[in-house]
Each structure stands twice: as structure tokens, then as C-alpha cells.
Amino acid sequence: AASGPYTVQVASYKSQKTAKREADSLKQKGYRDVYVLPKGSFVIVCVGSFSKKAEATTFTRQLKNRYQDPLVRRL
């Protein structure tokens, strides 16, 4: 099994500005470890920092109400 750290991607945008706005919204809701990262021609928004993939996967359940398809990925 691969070791972390892992994060959960919640959204991707073409615009840095839009991604930052989403990240700020997550921070205002009390989420810690919010990242805005370049990914090809997109900017992705990720939440959380987990040492185990299983922890990140469990965390995605909390995000399912707000985000359609949260994705666990390496930081």
C-alpha cells in the first residue's frame, strides 16, 4: 500500500480566481488544509491532509452532500 500524504480533490476550474473563491468558502466553513493547486490547464481545489488513503476515503463521505465526485489523490 502506498503511503501518504493524501488529500481529497473536490473541484477543478479553468480559473485561478474561481478556484480561490471556492477554497475561501471551504475555509469559512471551517475546513482546514485547503489547497489550490495547478493541474494541467486546470486549477484544482483539495481539502484535507491524511497519512492514510483510507482516512481520506472516509473523509469524502462528509463532502458528498456538497460535491458530486470527491477524488482521493496524493499531495
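Everything discussed here concerns the structure shown above.
Residues numbered from 1 in each chain as written. Predicted model: local features only at pLDDT ≥ 70, side-chain atom pairs only at ≥ 80, totals over all residues. Heavy atoms only, no water.

Engineer: Quick question: what am I supposed to make of the nonpolar core here?
Structural biologist: In globular proteins that are soluble, nonpolar side chains generally tend to be buried together. Grouped together as the largest cluster of nonpolar side chains are 16 residues, with contacts concentrated most on Val8, Val10, Leu26, Val45, Phe50, Phe59 and Leu63. Elements that contribute at least two residues to this core include exactly strand E1 (6–13), helix H1 (16–28), strand E3 (42–50) and helix H2 (53–63). Residues within four places of valine 8 in sequence aside, it is in contact with Val45, Cys46, Val47, Phe50, Ala56, Phe59, Thr60, Leu63, Pro70, Leu71 and Val72. (Core = buried A, V, L, I, M, F, W, Y, C linked by side-chain atoms within 4.5 Å. Buried < 20%, exposed > 50% of the residue type's maximum accessible area, 1.4 Å probe, protein only. Helix = DSSP H or I, 4+ residues; strand = E, 2+ residues; numbered from the N terminus. Contact = heavy atoms within 4.5 Å.)

Engineer: What am I meant to see in the packing of aromatic side chains here?
Structural biologist: Given two aromatic rings, one states the distance between the centres and the angle between the planes to describe the pair. This structure, assessed with the given rule, holds two aromatic pairs. Ring geometry for tyrosine 31 and phenylalanine 59: centres 6.1 Å apart, planes at 80°, overall edge-to-face. Taken together, the residues span a long stretch of sequence, with tyrosine 31 in the loop between H1 and strand E2 (34–39) and phenylalanine 59 in helix H2 at a distance of 28 residues. One aromatic cluster is present, built from ring pairs that chain together Tyr31, Phe50 and Phe59. The ring of phenylalanine 42 has lysine 14 lying over it, and the distance from NZ or CZ to the ring centre is 4.4 Å. (Phe/Tyr/Trp six-rings, centres within 6.5 Å; stacked < 30°, edge-to-face > 60°. Lys NZ or Arg CZ within 6 Å of the ring centre and 35° of its normal.)

Engineer: Please clarify how the environment of glutamine 16 should be interpreted in this entry.
Structural biologist: The residue glutamine 16 is located in helix H1 in this model. Look at glutamine 16 and you get partly exposed, because its relative accessible area is 48%. Setting aside chain neighbours within four positions, we find glutamine 16 in contact with Val36 and Val43.

Engineer: I would appreciate a short explanation of the pattern of salt bridges in the present structure.
Structural biologist: What the rule picks out here adds up to two salt bridges. Among the salt bridges present, the one from aspartate 24 reaches lysine 20, with a minimum N-O distance of 3.3 Å. In this pair, aspartate 24 and lysine 20 both sit in helix H1, four residues apart, roughly one turn of the helix. The exposure class assigned to lysine 20 is partly exposed, which follows from its relative accessible area of 45%. For arginine 66, the salt bridge goes to glutamate 22, with nearest N and O atoms at 2.8 Å. Residue arginine 66 is found in the loop between H2 and strand E4 (71–74), and its partner glutamate 22 is found in helix H1; the two are separated by 44 residues along the sequence. (Salt bridge = Lys/Arg side-chain N within 4 Å of Asp/Glu carboxyl O.)

Everything listed here is a matter of coordinates, which is why it stays silent on function.
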